[in-house]
Structure formats: structure tokens, C-alpha cells
Amino acid sequence: MTPETDPSGLLGRRPPLARELAFGLSLFALYAVAAAFPVGDRRAAAADHGRRIHDLERTLHITAERPLNDWLASHRTAAVLANYEYATVYLVSTLWLLAWLYRRRPDRYRAARTSFALINVIGAVCFALWPVAPPRLVPDLGYVDTVMAHGTWGSWGSPVVDHADRLAAMPSLHVAWALWVSVELARLPVRRWLQAASLLHVLVTIYVIMATANHYLLDAAGAVVVVWVASLLTDRDSGRPRAPVVPPEDAFFLAVESDRVPQHVGGLIFLDAPDGTPSREDLIATLRSRQDELPRLRQRLSPPSRLRRRRWVAQPVVDWDWHVQETTLPEPGDAALNTLVGALQSEPLPRDRPMWRMIAVRGYAPDQAAVVFLMHHVVADGMGVITHVLRLLTPPDALPAAGAGPSATRRALGTVAGIAQLATESRQRTRLPSTGTGERVFGTFRLPMPAVRDLARGHGVRVTDVVLCALAGGLGRVGPLAADPEGGRALRVAVPLMTGGPEVPPEGNHTSAVMVDLPCGPMPEVERLRALAAATRRLRSGTRALASAFVMQRASRALPPVLHAAFARAVYGGRTFQAIATNLPGSNTPARLAGAPMALAHPIVPTGPGAPLAVGALGWTGMLNLGISAEATLVDDIDALCRAMRDVIEELGTADASEPPGADGLRQARRGPGPSVRG
């Protein structure tokens, strides 16, 4: 991330000075704690460790300290200058650079301060666990203490600073601080003479620490390693931004995917195209023009690792011939189109390229064309895919704002309550038959949104409740539960809910699933809807969604990739839920895709391992469009399930003696030809 690409402007702001000063004091406090850390007889242990380092240097033939110390001890003026250089220059240069970065380069200050802090933390840990006495404090080695010998007032090791930890030789923080200054200056466009002076300071410091008998040569080598590690861990050079890491909530869907359970989300888009537009070239031109706004279109995953998280790396050349294709249906109509979508759902997206596809479909109807847009769940959830589509439209559209959400205190309390609720959740008992086949079937139907809203309002429920009731009732009529002798069982369904901020970014997964039990036994649909309205109160409380989001987005960050993948496979799928049902907001603004007016869109939702059914509902330009995905062996006829779900909704619309407004619209849609009745 650079100052130009940081949308929040965080990198360009200075953190509060009081907080930074407190942070610096805490580092000195940590240093003091390390000095007091009990390690048996600390002085004896430090002297023994110093002898070991000295013996190792003799073995390696790199004992340069003794001749340097002998010469300096015999030259009083040089010794005094060296003592003061050792005590002051490294400190002055470090404080100067921190102050200059804070004042002039706040975009670099944060990372530089973090790496500096990490150097000191590593040093303090080393001093606490493995204290090392400098050569001047190990009498049998024969070194001269130049500070005590020449009475240098106020220098390091003199009585004025006698409180300092004298048993902190490995690594040498004097060298580490001087080297850190040089590394940071090398990252910045400063004058060459300043960089050269800083490098000279590093070399002088290495000489001084040995000549004054304050450190061994290997202490300086240890400092180089510490600075390298700190820089590696905090490297955020604005000139060379690192590839973004795949967050655990996104990598979750890489872990649960297999050849038999592909995890791509998408949309079936219908365009008014009497003249045959848009062409494949038109779609490519639209995608090219939006690449800067939608970076995942030209990024792929880094190679997998058991210990390091994957990253999004740039794809040098996008293979447009693979990503954007064109096909013609063998016959017009919904049946052939839905068969094509089912076949596309059955094919996992390769991971060696950007993880999305777009297929222009000809032959659906004389005045309409279709586009299938698929994107892997690691890139985005259903809301993110919709946001991608909205960004591709002309004019670009945006999802409605979701609100600011709860305060930090309410979010924390809700998360705690939700974790307790999840911990006491009963086990899933009803199972849908899942053969594990990778073959998918896909069906669609649509209804006038005003009529569905009036129906929901008339029953005092929400549109999501109506969709869930249609799913439960439809499965009870034509699905695998129709012949269930224990028809009173409940089917557990995962319902994704938004947990992010007021705006939905195109990339990433910002939803968390809440489990709802659907009553699937024979009963009047109005009674089923009432039972569902009571069951879905947990969706509106928000506590379970907050807890699920905390586990997915926060707690799982502590797990290495191999353990995170095992966790994902353990909790996602048939052991936890049997189907997925999601209700997504869309757009009511007329728009065009690659020049063609967009009529409507159906969501494409992936199934889960051992959870062979997924239902998506999408409101778009006055219609509620549903897409049903299932394992091919789950139902004999996916269109029959669509009709049964629509029958349930019609029955709900005619249940009362006084029909709610919109019931006529539902019946009129019911009489249309086939499951994909046009609005």
C-alpha cells in the first residue's frame, strides 16, 4: 500500500505524538525488565557466555578485538573520543531520524518505527534469556576498560550511567541502531553524502565497540541479523509495495474446495440485445477499462505454503481467450441455458491465473443474450460479485449503504454473547443425501418484487423468511424430504449475513453464516412461515453473526495456514449445515453492460462439502430473481423444485380470506411458461 493507494489516508497521517512518546518509554521499560530478568547468577552466566563467544571467535580466527583495544588504550585522546562516540552518536542519529521521519515522511514513519521497536524487543529478549558480559567485564580475557582507565565522564560504563544493563552485549544495539539508520536512509531519496556519512558511522561504530572492549565482533554480526529480521517483517517500502495477503476469511474457501465441490460465486445476467450485442470484444473492452478499479481481474494466487499465507500477485499477461469466451446454446430457452450454467459450476477454476470467467451466451432468445459471470469465493462473496458487476455497468452503480453498524462496545458485547450461543448450539441431525458428485444442476425462477414484499408485509415477516419458507416447503413436496417418514424434522440452513462496514468493497468476504432450522414436514405453509419467522429472529439479533465474523476474521489469524485449512474443513459443510440460502440486494437503476441494456440477473451460489443445495435470491429492477444450485443426484428435476418453491409462495399469497395486495401479480407470474418466467 502506498500513499496514493491508501483509501483511508492513514499512511499520510502522523500518529499522536503523546502516544509515540509513551511507546518509546515502554521500550526503555522493557529494557529495564530484561536487565532484571532472573537467570540464576546472572553475572556469572553472562561472563561464561562472553567466554564462549570469545572462544568461538578464536576457533574461527576472527578475534580482532584485542589488538584494537591494546592500541586504543595506549592513546588517551583517541580513547576519550571513542568513548564519547560510543555513548552518544548512535543515540543522536537514531532520535534525529525518528523525529525527521515523523515530521517530514509520515508515510514511512510508521513502518520505520515498527522495525526499530522490533529490533529493541528482540534485543531485550536476548538480553533476558542469554545475558553476555562484554570483554571489559571478563577479567581473565585481559581487556582494558577504556572508560575506567581514562576517566571519561558521562560515557557509557561510567558511574553517571551505572544503572544501564552492562550484561547486554549480544546483539550489539549500538551497531543495530546505527545500521537501522543507514537502512532507512537508503530507502529514502536523500542526498548521497548523507547516506555515505551514515554508512561511515556504521563502520566507525563497529570499530569503536571492539576497541573499547564493549562488544565482540560476533555481537556486531548478531546486530546485522536482528536488523535484517526486523526489516523483513516490517518491510513496507512505499516504492515496492508487497503483494496483499489473502486474509483467512477468504482463504477459508480455498481450503474447503475440492474437485467435487467447486467454490465459485457468480451471476446469470440477461441483456436486451435485439441486434446481437454485446460481442465478446465488447465485453473484453469493458473489463479492460475497469481493471484499475477491480484489481483481482489481473491478479492470481501465489504458490501454496503450509506455513505462509498466500498472496495476490500480479498476472503479467491476462489470457483473455480463456477468461472471456463465447458459446451458442444448442436450443433456445431456459433449459439449455441452465444446463450450461450447471456445467460451468461443475468445473473448478484453475489457481494458476486470475480466478474468474465470463461467458457470452448466444441463442437464448431472438431479442435477448445472456452472460455468465463466475468468480471464486476466495476473491469475493456474493455481495462482492454483485459489486464487481455494478462497477462494470454504465453508468457504474453502487449497493445501498448498510449503515454504520454497532459501536465498538456493543460489537464486543454482542460477540461475547454470540460465542456463548454458538457454543450451546444443538447438533445437526437431518441430512440431505449427498453423493459427493461434482456434477451440478441449476434452476431459476423469478417473481415481482413488490408482490413478494406485500406478501411478507401482510404476514408480518421479511422477504428472507418467504424465501426460506419456499425452500422448506418445496423440499417437502418434491425434494428428498418428500418421502421422509419423519416429516417433522428440521433442516439446518446457513444464511450469510453482512458484517462489514456501510460500503461493500468488491474484494473479500464480508459475510458470516448464521444457522437456521427450517421445518420441512407436512404443514400449512402459513404455519411454516410463522415458525420460520420465530426461528429467524437469530438473524436479526446480530450476536451470532458477530461471533462468526470474529472467528472467521480475527481468531483464525492466529492459526498457520495448515491448521486454518483443517479448521475450515471441520466446520464448513454437512456436519454443520445441509444447505445454503442467501438473499442479496441488487439494483433498481437502469444500466448497460458493454452497451446492452441489462434486464435482470440470477445469483449463482456454490454448494458446500456434504451440503448439496444452495439457493440465492437477488432483487433487481423490480424482480426477485432466484437461482438454485444442487448436486445432480439430489433431485430428479431441478425445475420441479423451482415450481414447488413458487407454488409455496403463491399459497402464502392466497392463504388469507382477504388476499394481501400483490397476490394477483404472483398468480399471473405463476401462469408463465417455464421456471424462468420473464418479468
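The structure we're discussing is the one just above.
Everything numeric in this text was worked out from a predicted model, so none of it was measured.

Reading guide: rules and limits
- Residues numbered from 1 in each chain as written.
- Predicted model: local features only at pLDDT ≥ 70, side-chain atom pairs only at ≥ 80, totals over all residues.
- Heavy atoms only, no water.
- Phe/Tyr/Trp six-rings, centres within 6.5 Å; stacked < 30°, edge-to-face > 60°.
- Helix = DSSP H or I, 4+ residues; strand = E, 2+ residues; numbered from the N terminus.
- Buried < 20%, exposed > 50% of the residue type's maximum accessible area, 1.4 Å probe, protein only.
- Patch = residues over 30% accessible without salt bridge, like charges linked within 9 Å, V, L, I, M, F, W, Y side chains within 5 Å.
- Areas by Shrake-Rupley, 256 points an atom, 1.4 Å probe, with all protein chains shown as cover.
- Salt bridge = Lys/Arg side-chain N within 4 Å of Asp/Glu carboxyl O.
- Lys, Arg positive; Asp, Glu negative; His and termini not counted.
- Charge placed at Lys NZ, Arg CZ, Asp CG, Glu CD.
- 1 Å grid on protein atoms, 1.4 Å probe; cavity = no way out; pocket = protein on both sides within 12 Å on 5 of 7 lines; lining within 4 Å.
- Points joined across faces, edges and corners; volume = space filled by probe spheres on them.
- Nonpolar A, V, L, I, M, F, W, Y, C, P; charged D, E, K, R; others polar.
- Axes fitted to C-alpha atoms, helices over the stretch in contact; angles between N-to-C directions.
- Parallel < 35°, antiparallel > 145°, perpendicular 65-115°, else oblique.
- Contact = heavy atoms within 4.5 Å.

Here's the deal with the packing of aromatic side chains
Part 1 of the argument: One pass over the structure, following the stated rule, counts eleven aromatic pairs.
Part 2 of the argument: Each ring, one from F116 and one from W180, has its centre 5.0 Å from the other, and the planes form 45°; the classification is tilted. Taken together, the residues span a long stretch of sequence, with F116 in helix α5 (residues 106-129) and W180 in helix α7 (residues 173-187) at a distance of 64 residues. Like F116, the residue W180 is buried in the burial classification.
Part 3 of the argument: Relative to Y364, the ring of F270 has its centre 5.1 Å away and its plane inclined at 55°; by these criteria the two rings are tilted.

A word on a positive patch on the surface
Part 1 of the argument: A cluster of basic residues, R427, R429, R431 and R575, forms a positive patch on the protein surface.
Part 2 of the argument: Among the structural elements, R431 can be located in the loop between α15 (408-423) and β8 (440-448).

Notes on empty space enclosed by the protein
Part 1 of the argument: Applying the stated criterion to the full structure yields five cavities of 30 Å³ or more.
Part 2 of the argument: The wall of the largest cavity is formed by 15 residues, among which G266, G267, V385, I386 and L618 lie closest to the centre.
Part 3 of the argument: If you list the elements that add at least two residues to the lining of the largest cavity, you get β1 (264-272), α14 (382-392), β13 (596-604) and β14 (613-620).
Part 4 of the argument: Among the residues making up the lining of the largest cavity, the classes are represented as eleven nonpolar, four polar and no charged.
Part 5 of the argument: By volume, the second largest cavity is sized at about 40 Å³.
Part 6 of the argument: Along its surface, the second largest cavity is lined by P262, Q263, H264, Q345, R440, V605, P606 and T607.

Focus on a nonpolar patch on the surface
Part 1 of the argument: Taken together, the side chains of V121, V125, L129 and W130 make up a nonpolar region of the molecular surface, amounting to roughly 330 Å² of accessible area.
Part 2 of the argument: Inspection of the secondary structure assignment puts W130 in the loop between α5 and α6 (146-150).

Description of the packing of α15 against helix α20 (residues 543-553)
Part 1 of the argument: Running from N to C, α15 and α20 point in directions that differ by 90°, and their axes come no closer than 7 Å. One element, α15, and the other, α20, form an angle in the roughly perpendicular class. Along the contact surface, α15 presents R411, G414, T415, A417, G418, I419, Q421 and L422, while α20 presents T543, R544, L546, A547, S548 and F550.
Part 2 of the argument: Its residues assigned to classes, the contact of α15 with α20 shows six nonpolar, six polar and two charged.

Some thoughts on the side chain of S231
Part 1 of the argument: Inspection of the secondary structure assignment puts S231 in helix α9 (residues 217-233).
Part 2 of the argument: Assessed through its relative accessible area of 13%, S231 is described here as buried.
Part 3 of the argument: Excluding residues within four positions of it along the chain, S231 makes contact with V183 and R187.

Quick notes on the pattern of salt bridges
Part 1 of the argument: A complete count under the given rule lists 23 salt bridges for this structure.
Part 2 of the argument: A salt bridge links E525 to R528; the shortest N-O distance between them is 2.8 Å. Of this pair, E525 and R528 both sit in helix α18 (residues 525-535), separated by three residues, roughly a single helical turn.
Part 3 of the argument: Two residues, R643 and D637, come together in a salt bridge whose shortest N-O distance is 3.7 Å.
Part 4 of the argument: Taking relative accessible area as the criterion, D637 reaches 35% and is therefore assigned partly exposed.
Part 5 of the argument: The structure contains a network of salt bridges with shared partners spanning R477, E525, R528 and E651.

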